[in-house]
Amino acid sequence: MMVGTCEVTLRIPWALSLKDKRMVVKSLVEKTRHKFNISIAEVDKQDIHREAVIGFACVTNSRPLADSIIDNVIRFMENNTEAEIEEVFREIL
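Residues numbered from 1 in each chain as written. Predicted model: local features only at pLDDT ≥ 70, side-chain atom pairs only at ≥ 80, totals over all residues. Heavy atoms only, no water.

S.K.: I keep staring at the pattern of salt bridges and nothing clicks. Help me out?
M.R.: Under the counting rule described, the total for this entry stands at seven salt bridges. A salt bridge links Arg-11 to Glu-84, with the shortest nitrogen-to-oxygen separation between them at 2.5 Å. In this pair, Arg-11 is assigned in strand 1 (residues 2-11) and Glu-84 in strand 4 (residues 84-92), connecting sequence segments 73 residues apart. Of the charged contacts, one joins Arg-90 and Asp-67 as a salt bridge, the two residues approaching to 2.8 Å between their closest N and O atoms. You can see Arg-90 sitting in strand 4 and its partner Asp-67 sitting in helix 2 (residues 63-79), a full 23 residues away along the chain. The exposure class assigned to Arg-90 is partly exposed, which follows from its relative accessible area of 31%. Judged by relative accessible area, which is 30%, Asp-67 ranks as partly exposed. (Salt bridge = Lys/Arg side-chain N within 4 Å of Asp/Glu carboxyl O. Helix = DSSP H or I, 4+ residues; strand = E, 2+ residues; numbered from the N terminus. Buried < 20%, exposed > 50% of the residue type's maximum accessible area, 1.4 Å probe, protein only.)

Take a look at the structure:
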């Protein structure tokens, strides 16, 4: 069994409040969860309105499949949000 985890740091330069940030994060998390059936949540920087850290995890039977799922999720996130991806940290155990 392989567990793939990833943390994606987003920058939302136009967000003027936590409400603006919540709109972006909630939408992205829900779309991604439904498309890929993964565990996903905002995991850090909840009180900073121009930054968000979203973490997600997948469980598979092979390392290449976990890597592929993470790549697909990151690509989906890039294409489905106005926020900018600043940093990606991935780990497969």
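Having seen the model, we can carry on.
S.K.: Whenever I open this one, the packing of aromatic side chains confuses me. Can you help?
M.R.: Note on aromatic pairs: each is described by the distance of the centres and the angle between the planes. What the rule picks out here adds up to one aromatic pair. For the ring pair Phe-36 and Phe-76, a centre distance of 5.5 Å and an interplane angle of 80° mean the geometry is edge-to-face. Linking Phe-36 in helix 1 (residues 18-36) with Phe-76 in helix 2, this pair joins segments that are 40 residues apart in sequence. Its relative accessible area of 23% is what places Phe-36 among the partly exposed residues. On the basis of relative accessible area, Phe-76 is assigned to the buried category, the value being 14%. A cation sits over an aromatic face here: Lys-35 above Phe-36, 5.9 Å from the ring centre. (Phe/Tyr/Trp six-rings, centres within 6.5 Å; stacked < 30°, edge-to-face > 60°. Lys NZ or Arg CZ within 6 Å of the ring centre and 35° of its normal.)

What is shown is where atoms sit, not what they do.
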